[in-house]
Amino acid sequence: MSGPLPTRDCQAFLRIARAAATDFGPATARAAFLVTPEGFGRAEQSAADNRYMAQAAGFDADAALAEHRALQRALSSELPVVSFAGDPATPDAVFPNNVFATVPGRLIVGRMRHEVRQREAARADIRNFFRDVLGYREQDLSTQPHPCELTGALVIDRARGLGFCGLSERCDEAGAALMHRAFGLRATLVFDLAPGEYHTNVVLAVLAGRAALFSPTGVADAEIPAVLTALYGASAIPLSPDEQAGFTANAIALRQDSVWMSSRASEALSAMTRRRLEDDAGFTVRDVPLAAIEAGGGSLRCCVGEIF
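About the criteria used
- Residues numbered from 1 in each chain as written.
- Predicted model: local features only at pLDDT ≥ 70, side-chain atom pairs only at ≥ 80, totals over all residues.
- Heavy atoms only, no water.
- Helix = DSSP H or I, 4+ residues; strand = E, 2+ residues; numbered from the N terminus.
- Rg over C-alpha atoms; globule rule 2.2 N^0.38 Å.
- Buried < 20%, exposed > 50% of the residue type's maximum accessible area, 1.4 Å probe, protein only.
- Contact = heavy atoms within 4.5 Å.
- Areas by Shrake-Rupley, 256 points an atom, 1.4 Å probe, with all protein chains shown as cover.
- Lys, Arg positive; Asp, Glu negative; His and termini not counted.
- Charge placed at Lys NZ, Arg CZ, Asp CG, Glu CD.
- Core = buried A, V, L, I, M, F, W, Y, C linked by side-chain atoms within 4.5 Å.
- Pairing = 2+ DSSP bridges.
- Axes fitted to C-alpha atoms, helices over the stretch in contact; angles between N-to-C directions.
- Parallel < 35°, antiparallel > 145°, perpendicular 65-115°, else oblique.
- Left-handed = near helix turned anticlockwise from the far one by under 90°.
- Nonpolar A, V, L, I, M, F, W, Y, C, P; charged D, E, K, R; others polar.
- Phe/Tyr/Trp six-rings, centres within 6.5 Å; stacked < 30°, edge-to-face > 60°.
- Lys NZ or Arg CZ within 6 Å of the ring centre and 35° of its normal.
- Salt bridge = Lys/Arg side-chain N within 4 Å of Asp/Glu carboxyl O.

**Student:** What is the right way to look at the overall build of the protein in this model?
**Tutor:** A tally of helices and strands in the protein yields 13 helices and 15 strands. For the protein, the C-alpha radius of gyration of 17 Å lies close to 19 Å, the compact-globule estimate for 308 residues. For the protein, the C-alpha atoms occupy an extent of roughly 45 × 40 × 35 Å along the three principal directions. Buried residues in the protein amount to 61% of all 308 residues. Taking the intrachain contacts of the protein between residues at least 6 apart in sequence as the baseline, contacts between residues at least 24 apart amount to 78%. As displayed, the protein has an accessible area near 11,200 Å², and 52% of this comes from carbon and sulfur atoms. Distance between charge centres in the protein, computed from 30 positive and 36 negative side chains, equals 5 Å.

Given below as structure tokens:
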């Protein structure tokens, strides 16, 4: 049962969020899944509202496949990782967290903005894996009209049941409400992303329910950094424009003591940000080279579908 509908009122959100115990569910996933970058290339529809995407000549499909294999090996050191085959008809499918997400016992299928990505939601193999192998029920949002690109648009504090949903062409207010209910969240804060930003998880990461990396310039509402600081204290870590441009906010914690990001993101970290992550928040920074995959306009967190 979800809490009140999403709100733009920061103080109303904080009243619920401050009282939320860390008993909503596991802070990190028990397993993960990936989709290999078969046919990896520039999807012109997606490029229309993703300024991070490279031009067609900047894509190297073979290099992306090699990076993806290394990513699976690396993440497998921390938890089980399943990989599904990609499809040249869906060149963006390497970023499955926008299309598929889970809560314990249930698969949620999102509604993508672009038709090239809507094809991903129809994949029977991924749906069947969750239904027939894991026994998950399915909640399908893909056939309704409101874009709601799951954990691309909605960053979730899984420990407290809190959502942070940035609105753009990839998620409208109705879509935010649909996701809030689908994930059963206690409270969801809705805000506009800064012009030119397409997904919240490029400007914000909540790590294991106890820390946040965020770009103050990535959101249109100047109150959002204060909300994050109120909730995460010294572990609410602002990123510089250079850090955000390097995909540092597109990070994920898969267990309590480490945070994963791309090598580009790790290299962009300032000494102060790294110290705050490691000493204040208690995370070991682990990274994987993903330069070829990042040509697609996303980074490590976008590649990871979480299984709760």
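**Student:** Looking at this model, I keep getting lost on the nonpolar core. Mind explaining?
**Tutor:** Buried together is how nonpolar side chains tend to be arranged in soluble globular proteins. Formed by 26 residues in total, the largest nonpolar core has its most connected members in Leu71, Leu75, Leu254, Trp260, Val288, Leu300 and Val304. Of all the secondary structure elements, the ones that give two or more residues to this core are strand S1 (31–35), helix H3 (61–75), strand S12 (252–255), helix H12 (291–294) and helix H13 (300–303). Broken down by element, this core gets its largest block of residues, four residues, from H3. Excluding its chain neighbours within four sequence positions, the residues that come into contact with Leu300 are Leu71, Asn250, Ile252, Trp260, Met261, Ser262, Val288 and Leu290.

**Student:** What am I meant to see in the sheet that holds strand S9 (residues 204–207) here?
**Tutor:** Hydrogen bonds along the backbone pair up the strands of a sheet, which may run parallel or antiparallel. The strand order across the open sheet formed by three strands is S9-S10-S11, and the pairing between neighbours is mixed. The open sheet has two free edges, formed respectively by S9 and strand S11 (236–238), since each of these has just one partner strand. Within this sheet the neighbouring strands show an average axis-to-axis angle of 15 degrees, counted without direction. In this sheet, S11 lies alongside strand S10 (residues 211–214) in parallel orientation, the contact comprising three bridges. Each residue of the ladder has a partner; that of Ala212, found in S11, is Ala236. Each of S9, S10 and S11 touches helix H8 (residues 224–232); the most contacted strand, S10, lies at about 160 degrees to it.

**Student:** Mind showing me how you'd approach the sheet that holds strand S7 (residues 162–167) here?
**Tutor:** Strand order in the open sheet formed by three strands is S6-S7-S8, with mixed pairing between adjacent strands. The sheet is open, and its two edges are formed by strand S6 (154–157) and strand S8 (187–192), each paired on a single side. Between one strand and the next, the sheet's axes are offset by a mean angle of 15 degrees, whatever the strand orientation. Its contacts with the sheet put helix H7 (residues 173–183) on S6, S7 and S8, and the angle it makes with S7 is roughly 160 degrees. Contacts from H8 reach S6, S7 and S8 within the one sheet, and its direction differs from that of S7 by about 165 degrees.

**Student:** Please explain the packing of helix H1 (residues 10–19) against H8 as it appears in this structure.
**Tutor:** Working note: a packed helix pair is described by the angle between its axes plus the distance between those axes. Two elements in contact, H1 and H8, have axes whose closest approach is 11 Å; the angle formed by their N-to-C orientations is 15 degrees. The orientation of H1 with respect to H8, classified from their angle, is roughly parallel. Our pair here, H1 against H8, has a crossing hand that is right-handed. In this structure, H1 uses Cys10, Phe13, Leu14, Ala17 and Arg18 to contact H8, whose residues at the interface are Ile224, Val227, Ala230 and Leu231. Residues that form the contact of H1 with H8 fall into these classes: eight nonpolar, no polar and one charged.

**Student:** How should I be thinking about the environment of Ala251 in this particular structure?
**Tutor:** Its place among the elements puts Ala251 in the loop between helix H9 (241–245) and S12. What Ala251 contacts, discounting residues up to four positions off in sequence, is Ala205, Leu207, Leu213, Val259, Trp260, Met261 and Arg301.

**Student:** Honestly, the packing of aromatic side chains in this entry has me stumped. Any pointers?
**Tutor:** When we look at a pair of aromatic rings, we describe it by the centre distance and by the angle of the planes. In the structure shown here, the tally under the stated rule is nine aromatic pairs. Taken together, a centroid distance of 5.3 Å and an interplanar angle of 40 degrees make the contact between Tyr52 and Phe247 tilted. Separated by 195 residues along the polypeptide, Tyr52 in the loop between helix H2 (44–47) and H3 and Phe247 in the loop between H9 and S12 bring together distant segments of the chain. When the ring centre of Phe283 is taken as origin, the NZ or CZ atom of Arg210, which lies over that ring, is 4.1 Å away.

**Student:** Got a minute to help me understand the pattern of salt bridges in this structure?
**Tutor:** Working definition: two side chains of opposite charge can pair if their charged atoms are close together. The tally for this structure, following the rule as stated, stands at 22 salt bridges. In this structure, Arg170 engages Asp49 in a salt bridge whose closest nitrogen and oxygen atoms are separated by 2.8 Å. Of this pair, Arg170 sits in the loop between S7 and H7 while Asp49 sits in the loop between H2 and H3, and the two are 121 residues apart along the sequence. Under the relative-accessibility criterion, Arg170 is labelled buried at 2%. Ionic pairing is found between Glu149 and Arg170, a salt bridge with its closest N-O pair at 3.1 Å. In this pair, Glu149 is assigned in the loop between strand S5 (137–140) and helix H6 (150–153) and Arg170 in the loop between S7 and H7, connecting sequence segments 21 residues apart. Arg170 carries the same exposure label as Glu149, and that label is buried. Each of Asp49, Arg113, Glu149 and Arg170 takes part in salt bridges that share partners, so that together they form one network.

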